[in-house]
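Take a look at the letters that make up each chain.
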Amino acid sequence: MKQSNQKLSSKVVPFTGEFYPVPDPEPTPAGNNIAAYLVIVAAALVAGLSMGAMSTYQSADQVQLREMKAQSQQLEKVKNQVCR
């Protein structure tokens, strides 16, 4: 079996027993981390706003208000037809 010099950062290849160096992890630029953080914050903000809008739209007061507006429009139509 062929073996190279063993270093502290070496791993053994299975079945052959040969050593190969482990590449040093490349440092990630700080800009990528900040950009990812900003994307997550923006997504959370949009999700929060949409949940707030849905809960407001489905609230009892808003439902009642929409029903009253629809009834008012129907009343105006009837009033216009009767008063002609």
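Please read all numbers here as calculations on a predicted model, not as lab measurements. (Residues numbered from 1 in each chain as written. Predicted model: local features only at pLDDT ≥ 70, side-chain atom pairs only at ≥ 80, totals over all residues. Heavy atoms only, no water.)

Caption draft 1: Focus on the overall build of the chain. Helix and strand counts for the chain stand at 2 helices and 2 strands. The proportion of buried residues among the 84 residues of the chain is 2%. Accessible surface, the chain: about 8,000 Å² in total, of which carbon and sulfur atoms supply 62%. (Helix = DSSP H or I, 4+ residues; strand = E, 2+ residues; numbered from the N terminus. Buried < 20%, exposed > 50% of the residue type's maximum accessible area, 1.4 Å probe, protein only. Areas by Shrake-Rupley, 256 points an atom, 1.4 Å probe, with all protein chains shown as cover.)

Caption draft 2: Structural context of the packing of aromatic side chains. Throughout the structure, instances matching the rule amount to 0 aromatic pairs. If you follow Arg66 out to its NZ or CZ, it ends over the ring of Tyr57, 3.9 Å from the centre. (Phe/Tyr/Trp six-rings, centres within 6.5 Å; stacked < 30°, edge-to-face > 60°. Lys NZ or Arg CZ within 6 Å of the ring centre and 35° of its normal.)

Caption draft 3: Molecular detail of a nonpolar patch on the surface. A cluster of nonpolar side chains, namely Ile34, Tyr37, Leu38 and Val41, defines an oily patch on the protein surface of about 420 Å² accessible area. Tracing the backbone through its elements, the reader meets Val41 in helix H1 (residues 30-57). (Patch = residues over 30% accessible without salt bridge, like charges linked within 9 Å, V, L, I, M, F, W, Y side chains within 5 Å. Salt bridge = Lys/Arg side-chain N within 4 Å of Asp/Glu carboxyl O.)

Caption draft 4: Expanded view of the confidence of the model for the chain. Here the chain averages 81 in pLDDT, and 73% of its residues register 70 or above. At the low end of the mean pLDDT range in the chain sits strand S1 (residues 10-12), at 64; at the high end sits helix H2 (residues 60-82), at 93. (pLDDT = per-residue confidence, 0-100.)

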